[in-house]
Amino acid sequence: IEITRGYGYNEFREDLKKLYEMAGSKGQDTVFLFTDTQIVVEEFLEDINNMLNSGEVPNLIENDEMEKFLQPVRPLARAAGVPETRDAVYQYFINRVRDKLHIVLCMSPVGDAFRSRCRMFPSIVNCCTIDWFTEWPREALLGVSKRFFEFVDLGQDELKSKVSEMCVEIHTSVRAMAERFYSELRRKYYTTPTSYLELINLYTSMLDNKRRELILQRDRFQTGLDKLGETNVLVDNMQKELTALEPVLKEKSEATSQLMEKLVVDKAAADEVRTVVQAEEATAMEEAKATEAIKADAQADLDEALPALDAAVKALDSFDKKDW
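Everything numeric here is computed off the predicted structure, so don't read it as measured data.

Next up on the list: the overall build of the chain. Helix and strand counts for the chain come out as 10 helices and 2 strands. Each helix and strand of the chain, ordered N terminal to C terminal, gives the series α-β-α-α-α-α-β-α-α-α-α-α. For 324 residues, the compact-globule formula gives about 20 Å, and the C-alpha radius of gyration of the chain, at 58 Å, lies well above that figure. The principal-axis extents of the C-alpha atoms in the chain amount to approximately 185 × 80 × 45 Å. Evaluated residue by residue, the chain yields a buried proportion of 22% over its 324 residues. Long-range pairs, those at least 24 residues apart, make up 66% of the contacts in the chain with a sequence separation of at least 6. Accessible area for the chain stands at about 24100 Å²; split by element, carbon and sulfur atoms hold 56% of it. Across the chain, 42 positive and 59 negative side-chain charges occur, with their mean positions spaced 13 Å apart.

Close contact between helix α8 (residues 138-148) and helix α10 (residues 193-318) brings their axes to 11 Å; oriented N to C, the two are set at 30 degrees. Regarding the angle of α8 to α10, the classification is roughly parallel. Of the two possible hands of crossing, α8 and α10 adopt the one that is right-handed. Taking contact as the criterion, the partners of L141, L142, V144, S145 and F148 in α8 are, on α10, Y196, L197, I200 and N201. Its residues assigned to classes, the contact of α8 with α10 comprises 7 nonpolar, 2 polar and no charged.

Let's shift gears to the side chain of S25. Note on placement: S25 falls in helix α1 (residues 9-25). Exposure remark for S25: the relative accessible area of 9% places this residue in the buried category. For S25, the side chain forms a polar contact with the main-chain oxygen of F69, separated by 2.9 Å. Apart from residues lying up to four places away in sequence, S25 is in contact with Y20, F69, P72, V73, F93 and R96.

In total, this model carries 16 salt bridges according to the counting rule given. K17 is the salt-bridge partner of E14, the closest N and O atoms lying 3.5 Å from each other. Taken together, the residues span about one helical turn, with E14 and K17 both in helix α1 at a distance of 3 residues. Judged by its relative accessible area of 42%, E14 falls in the partly exposed class.

Within the secondary structure, T191 is located in the loop between α9 (157-185) and α10. Residue classification places T191 among the buried positions, given a relative accessible area of 17%. In this structure T191 touches H171, V174 and R175, once residues within four positions along its chain are discounted.

Glancing now at the environment of D303. Checked against the element boundaries, D303 lands in helix α10. Along the primary structure D303 and Q38 are separated by 265 residues, whereas in three dimensions their C-alpha atoms are 128 Å apart.

What follows deals with the nonpolar core. Ranked by internal contacts, the top residues of the largest apolar core, which has 34 residues, are F12, Y20, F32, F34 and F93. Those elements that place two or more of their residues in this core are α1, β1 (30-35), α2 (43-54), α3 (66-70), α5 (86-100) and β2 (101-106). With 6 residues, the single largest contributor to this core is α5. Ignoring any residue separated from it by four or fewer positions in sequence, one finds F93 in contact with Y20, G24, S25, I61, F69, L70 and V73. Counting 10 residues, the second-largest nonpolar core is a separate cluster that includes F149, V152, C167 and V168.

Bringing α9 into the picture now. The terminal C-alpha atoms of α9, which comprises 29 residues, lie 42 Å apart, in line with the 42 Å expected from a rise of 1.5 Å per residue. Those residues of α9 not exposed but buried are K160, V163, S164, C167, V168, H171, T172, R175 and A178. In this fold, the buried residues of α9 make contact with α8 and α10. Positive backbone phi, at 55 degrees, marks R186, one or two positions downstream of α9.

Time to look at the state of the cysteines. On inspection of all chains with the given rule, the structure shows 0 disulfides. In this structure C118 is not part of a disulfide, and its nearest cysteine sulfur, from C128, lies 9.2 Å away. In this model C128 remains outside any disulfide bridge; the closest cysteine sulfur is found in C127, 6.8 Å from its own. Since its relative accessible area comes to 25%, C128 is described here as partly exposed.

Cut-offs and rules
Residue positions are given per chain, counting from 1 as you read along its sequence in written order. Whole-chain, interface and lining totals are the exception, using all residues; otherwise, since this is a predicted model, local features are given only for residues with pLDDT of at least 70 and side-chain atom pairs are given and counted only at 80 or more. Computation of side-chain values: all heavy atoms of the structure, hydrogens and water removed. Starting at the N terminus, helices and strands are each numbered in turn, a helix being any DSSP run of H or I of at least four residues and a strand any DSSP run of E of at least two. For a compact globule the rule gives 2.2 Å times the number of residues to the power 0.38, and the radius of gyration it is set against comes from C-alpha atoms. Three labels apply to residues, based on accessible area from a 1.4 Å probe with only protein chains included: buried if under 20% of the type maximum, exposed if over 50%, partly exposed otherwise in between. Contacts are assigned to residue pairs that have any heavy atoms within 4.5 Å of one another. Note on areas: Shrake-Rupley with a 1.4 Å probe; residue coverage comes only from the protein chains shown. For this count, His and the chain ends are skipped, Lys and Arg are scored as positive, and Asp and Glu as negative. Think of each charge as sitting on NZ of Lys, CZ of Arg, CG of Asp or CD of Glu. Note on geometry: axes are C-alpha line fits, over the in-contact stretch for helices, and angles between N-to-C directions span 0 to 180 degrees. Angle categories are assigned with fixed cut-offs, so that under 35 degrees is roughly parallel, over 145 is roughly antiparallel, 65 to 115 is roughly perpendicular, and the rest are oblique. The crossing is said to be left-handed when, going from far helix to near helix, the turn is anticlockwise and less than a right angle, and right-handed when the turn is clockwise. Only Asp, Glu, Lys and Arg are considered charged, only Ala, Val, Leu, Ile, Met, Phe, Trp, Tyr, Cys and Pro nonpolar, and every remaining residue, Gly among them, polar. The term polar contact refers here to a pair of N or O atoms within 3.5 Å; inside protein, the definition further demands a hydrogen-donor-capable atom paired with an acceptor-capable atom, and it admits residues adjacent in sequence only when both atoms are side-chain atoms. We define a salt bridge as a contact between a side-chain nitrogen of Lys or Arg and a carboxyl oxygen of Asp or Glu at a distance within 4 Å. Definition of nonpolar core: a set of buried residues of the types Ala, Val, Leu, Ile, Met, Phe, Trp, Tyr and Cys, connected through side-chain atoms within 4.5 Å. How far a helix is expected to stretch is found by multiplying one less than its residue total by 1.5 Å. For the purposes of this analysis, a disulfide is any pair of cysteine sulfur atoms at a distance within 2.5 Å.

Structure representation (structure tokens):
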């Protein structure tokens, strides 16, 4: 079976139906390989326990689809002298499944899960032939590690041999300490081939991560060196430009000094002109005040003379020509 996202008990029973059809209806020799990593729910083991015990999973095949499984085996049951009743043909079908279907369970003894499952589902022990995988010898461990490091870049070939021996030494030392742990504390710690492979994979993954980290740092340093080189080139170019502009800057500085001296002289002259202008402004203000006073006197005399003028004009208008 293939465990996918959303795979559950219903999908598992559908796969069991396919197994029963292949082994019972079609008569194909079938091996059902099931590992403890595929146990999504414990009900999987309950069905497997029934298969190991009697070859039958209760309520696996519904009545409306039973004939689909029994129809291919009816001629075989008839030829074997089995009565043509449905129950007899079904039992012949189950016996055929037991003959053609071979169940292989792969479970790790690490932890309490295997121990509790053996207690809950006794057919795992009673109806199975247990094949305990013995620990790998040192030569096998060395051969596996060398095979793994064959295509790993470690810089030198002799270093690959050293690293392979290091992995073997780590695994065997842990195994020896596990035996001591059991002898002193009576607690079992398992070192399986899987743990050895995980050790090698952990080393290679850490090596890849460290290599990528060092490459990243190297690239950063290289980028920094490139920037420093570009900066040095720019500084040299600017130094050359400053050296070339030094006479011009000196000339401009002298012209600026002369201009400043001229500005000082002009400022002194301007201050003298301003003093004269301020004196003339004061004189003009005094004359303006005197003029205002004369204007005011003239206006007062005019205001006094205007009534007399008006009276004279009226008197003149009152004379008749006959009076002349």
